[in-house]
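Given next are the chains, with one letter for each unit.
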Amino acid sequence: MLVAVFVVALALAAFTPAPASAQEGAAAVVETIAPAPPVAALEAPPEPAPEAAAPTIDKGDVAWMLISTIIVLMMIIPGLALFYGGLVRAKNIVSLLSQVFVVTAIGMVMWLLVGYSLAFTDGGDLNRFVGGFSKAFLAGVDTTTMVETFSVGISIPELVFVAFQMTFACITAALVLGGVAERVKFSTIVVFAVLWPVVVYYPMAHMVWWWGGPMMASDPANSEALAAGAGLIWSFGALDFAGGTVVHINSGVAALVGAVLLGSRTGYRKEPMPPHNLTFTVIGAGLLWVGWVGFNAGSNLESNAYAALALVNTFVAPAAAALSWMLTEWIFKRKPSLLGLASGAVAGLVAITPAAGFAGPVGALMLGLVAGPICLFACSALKSWLKYDDSLDVFGIHGIGGIVGAIGTGIVVNPAFGGAGIVDYAAGGAAVYPGIVPQVIAQLKGVAVTLVWSGVGSLIVWVIARGLTGGRVSKEVESEGVDYAEHGEVAYHS
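What counts as what
- Residues numbered from 1 in each chain as written.
- Predicted model: local features only at pLDDT ≥ 70, side-chain atom pairs only at ≥ 80, totals over all residues.
- Heavy atoms only, no water.
- Patch = residues over 30% accessible without salt bridge, like charges linked within 9 Å, V, L, I, M, F, W, Y side chains within 5 Å.
- Areas by Shrake-Rupley, 256 points an atom, 1.4 Å probe, with all protein chains shown as cover.
- Salt bridge = Lys/Arg side-chain N within 4 Å of Asp/Glu carboxyl O.
- Helix = DSSP H or I, 4+ residues; strand = E, 2+ residues; numbered from the N terminus.
- Buried < 20%, exposed > 50% of the residue type's maximum accessible area, 1.4 Å probe, protein only.
- Core = buried A, V, L, I, M, F, W, Y, C linked by side-chain atoms within 4.5 Å.
- Contact = heavy atoms within 4.5 Å.
- Phe/Tyr/Trp six-rings, centres within 6.5 Å; stacked < 30°, edge-to-face > 60°.
- Polar contact = N/O pair within 3.5 Å; in protein donor to acceptor, adjacent residues only side chain to side chain.

The subject of this paragraph is a nonpolar patch on the surface. A contiguous nonpolar surface patch, about 530 Å² in accessible area, is contributed by L451, V452, V456, I460, I464 and L468. As for its placement among the helices and strands, V456 is situated in helix α16 (residues 436-469).

In this structure, the amide linkage connecting I77 to the following residue, P78, adopts the cis form with an omega of 15 degrees. Looking at where P78 falls in the secondary structure, it is placed in helix α3 (residues 59-87). Phi is positive for L301, which is not a glycine, with a value near 65 degrees. Considering the arrangement of structural elements, one finds L301 in the loop between α11 (278-297) and α12 (305-333). Classification of L301 as buried rests on a relative accessible area of 0%. If you check the backbone angles, K387 has positive phi at about 60 degrees while not being a glycine. With respect to the secondary-structure elements, K387 resides in the loop between α14 (361-386) and α15 (394-412).

Moving on, we get to the nonpolar core. With 119 residues, the main nonpolar core has W111, Y116, W196, Y201 and F295 as its most contacted residues. Once residues lying within four places of it in the same chain are set aside, the contact partners of W111 are Y116, A119, F120, V162, Q165, M166, A169, Y201 and Y202. The next biggest cluster of nonpolar side chains, apart from the first, holds seven residues, and it includes I352, A355, A359 and A364.

This next bit is on the packing of aromatic side chains. Overall, the coordinates contain 21 aromatic pairs when judged by the stated rule. Taken together, a centroid distance of 4.9 Å and an interplanar angle of 55 degrees make the contact between F164 and F168 tilted. One end of the pair, F164, and the other, F168, are both in helix α5 (residues 158-176), four residues apart, so they sit about a helical turn from each other. Neither residue differs from the other here; F164 and F168 are each classed as buried. Residues Y388 and F395 carry aromatic rings whose centres are separated by 6.5 Å and whose planes lie at 80 degrees to one another, so their mutual orientation is edge-to-face.

To continue, consider the side chain of T149. Counting through the fold element by element, T149 comes out in the loop between β2 (146-148) and β3 (154-157). Taking relative accessible area as the criterion, T149 reaches 0% and is therefore assigned buried. Only 3.3 Å separates the side chain of T149 from the backbone nitrogen of S151, close enough to count as a polar contact. A distance of 2.7 Å separates polar atoms of two side chains, one belonging to T149 and the other to E302. Setting aside residues no more than four positions away along its own chain, T149 makes contact with I154, S155, I156, P214, L301 and E302.

Let us look at the pattern of salt bridges. What the rule picks out here adds up to seven salt bridges. Across the salt bridge formed by D389 and R265, the nearest N and O atoms sit 2.9 Å from each other. Placement of D389 in the loop between α14 and α15 and of R265 in the loop between α10 (244-262) and α11 is noted, with a sequence separation of 124 residues between them. Considered together, D389 and R265 belong to a single accessibility category, that of buried residues.

Such coordinate-based values are descriptive only and should not be taken to indicate function.
What follows is the structure, given as structure tokens:
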């Protein structure tokens, strides 16, 4: 019976480009988490046209965004920390937890100093790739400044947007840690946490999410200026609701580069290295799933039906991926594992991230069904063939899952399949769709830029970090466990 269910699921998944992705609907976003335009673009001009209404703020939207921000932080500490911590060996859990914690702390400080400005301001001659320093140290950002949501005339306080996007920067860098776990020095991670966002993450966020905003887009006369002033990947017409490229492909590639550069763990492929505490991992996976609702639905920037759509999709896709991963494992390995269920759910969360507000529930189901087996293949057969030691399968789940989701978004957004379509603000908010081929090509261009930018930038950062700190612990320390040697602590006392 289970085999029959699985065969039917795969058959359905195979037809995702066809009406199997049933989704339609329209509008919350042109680039759904595309950063709302800078405050300068939102502040009322000196002499507004008489008919131009002042931007309004709804307390419900603000409350939703505050909650979303808090639960995204929960995704990192304790969610990701426990998920990763349970997967490593007992002698290395303090090391892993410390790394997640310090990356989060550094990420918050760096975001305040330069990150927000480099991601979400105009970059002048470099604007296609990165912002400028006009809001470094949050200059000009206070309780009176606002940013647009994805509805004309609706805004939220800029400080809320700053905090929400801060958590994205933190978790992206923290995800990378799984690729180099159990052999990297703490000092190397500190250097990485300072440099990598500047070289890779902030420019990626700018390229994908920087645009002029709904108010500007609603006037057809602004079409050329809108396209000229957008980030590179946004200008392609590529869609990324909540970070399939910016967060997942980006972190997956960085983890793979770090894993290859630092080399495999001592004993890798020669001795067993099982997770030491699956209970922690499942608790962490559950916290990730809950927090991911804020991650995806919060990326709508408003509390409305599109946030609800993203929420439903964030339930459906990981459930489908958990089942398809489990069934694949059950068929080929004869036993369905708890780790497989948890890993499949995360793979589904990754895959739906770029499509969360664009896909309908059936499209989310299809993405999840497809992502589970593909990510399982990447984490087992592909990893074995290429012999790289991505300790906690960051590339296999986040990198590959992000690619599946980013490309799949171009299909499931199609209104003919029940997708939400793409908002045409100049046409009064009507849903449009350029066709499967043009949209998938746009998605592929976005994926290609992400792979190249993250690959080259991450290599530069890892080389610098290794050169300054040595990169990895000695074989003796690795054998005894990184916890005591690096931190003077152990997680468990007999």
